[in-house]
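One letter stands for each residue in the lines below.
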Amino acid sequence: MRKTSEEVLLVLVLNKTELLDELLIEWSNEDIKAATILDSIGMAKQLADVEDTRIISTLRPFLVSDHSENKLIFTILQPEDVNKARQIVRRVVGDLSQPETGILFALPLLFAEGIRF
């Protein structure tokens, strides 16, 4: 095990799933070569699907988007690659402050095993 204090976990919840391939190609073109992608749904969508939750179903049009799923993308980056990855997300996905785009955040890692840079 190699103790690290410099790698960063970048996480993107991508609502615009139709942009996934383009985003991954752009990352790959900029030497961001590894990511894990999971299918996900948001809490409001899940609660809206619960039949016996009457109050949520009445509020469903206000809480749930047209997207039935999201993509959750994890990648571990060196600090110098974080801004490059963020810029690519902004270029491909657009302004994340707009509804129905996504959420992007990063966390410092205490350690990472099984990954090569």
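In the block above lies the structure referred to throughout.
I will try to describe carefully the structure that is included in this document. If you're wondering where the values come from, they're calculated on a predicted model, not measured in any experiment. (Residues numbered from 1 in each chain as written. Predicted model: local features only at pLDDT ≥ 70, side-chain atom pairs only at ≥ 80, totals over all residues. Heavy atoms only, no water.)

Thoughts on the sheet that holds strand β2 (residues 36-40)
Here is step 1 of the chain: Read across the sheet, four strands follow the order β2-β3-β1-β4 without closing on themselves; strand pairing throughout is antiparallel. Of all the strands in the sheet, just β2 and β4 (102-108) have a single pairing partner and so form its edges. Between one strand and the next, the sheet's axes are offset by a mean angle of 15 degrees, whatever the strand orientation.
Here is step 2 of the chain: Sheet strands in contact with helix α1 (residues 20-29) are β1 (8-14), β2 and β3 (70-77), and its direction is about 10 degrees off that of β3.
Here is step 3 of the chain: Across the sheet, helix α4 (residues 79-93) touches β1, β3 and β4, and the angle it forms with β1 is around 10 degrees. (Pairing = 2+ DSSP bridges. Helix = DSSP H or I, 4+ residues; strand = E, 2+ residues; numbered from the N terminus. Axes fitted to C-alpha atoms, helices over the stretch in contact; angles between N-to-C directions. Contact = heavy atoms within 4.5 Å.)

Here we look at unusual backbone geometry
Here is step 1 of the chain: The backbone of Asp31 shows a phi angle near 65 degrees, a positive value even though the residue is not glycine.
Here is step 2 of the chain: As for its placement among the helices and strands, Asp31 is situated in the loop between α1 and β2.
Here is step 3 of the chain: Unusually for a residue other than glycine, Glu100 sits at a positive phi of about 65 degrees.
Here is step 4 of the chain: Within the secondary structure, Glu100 sits in the loop between α4 and β4.

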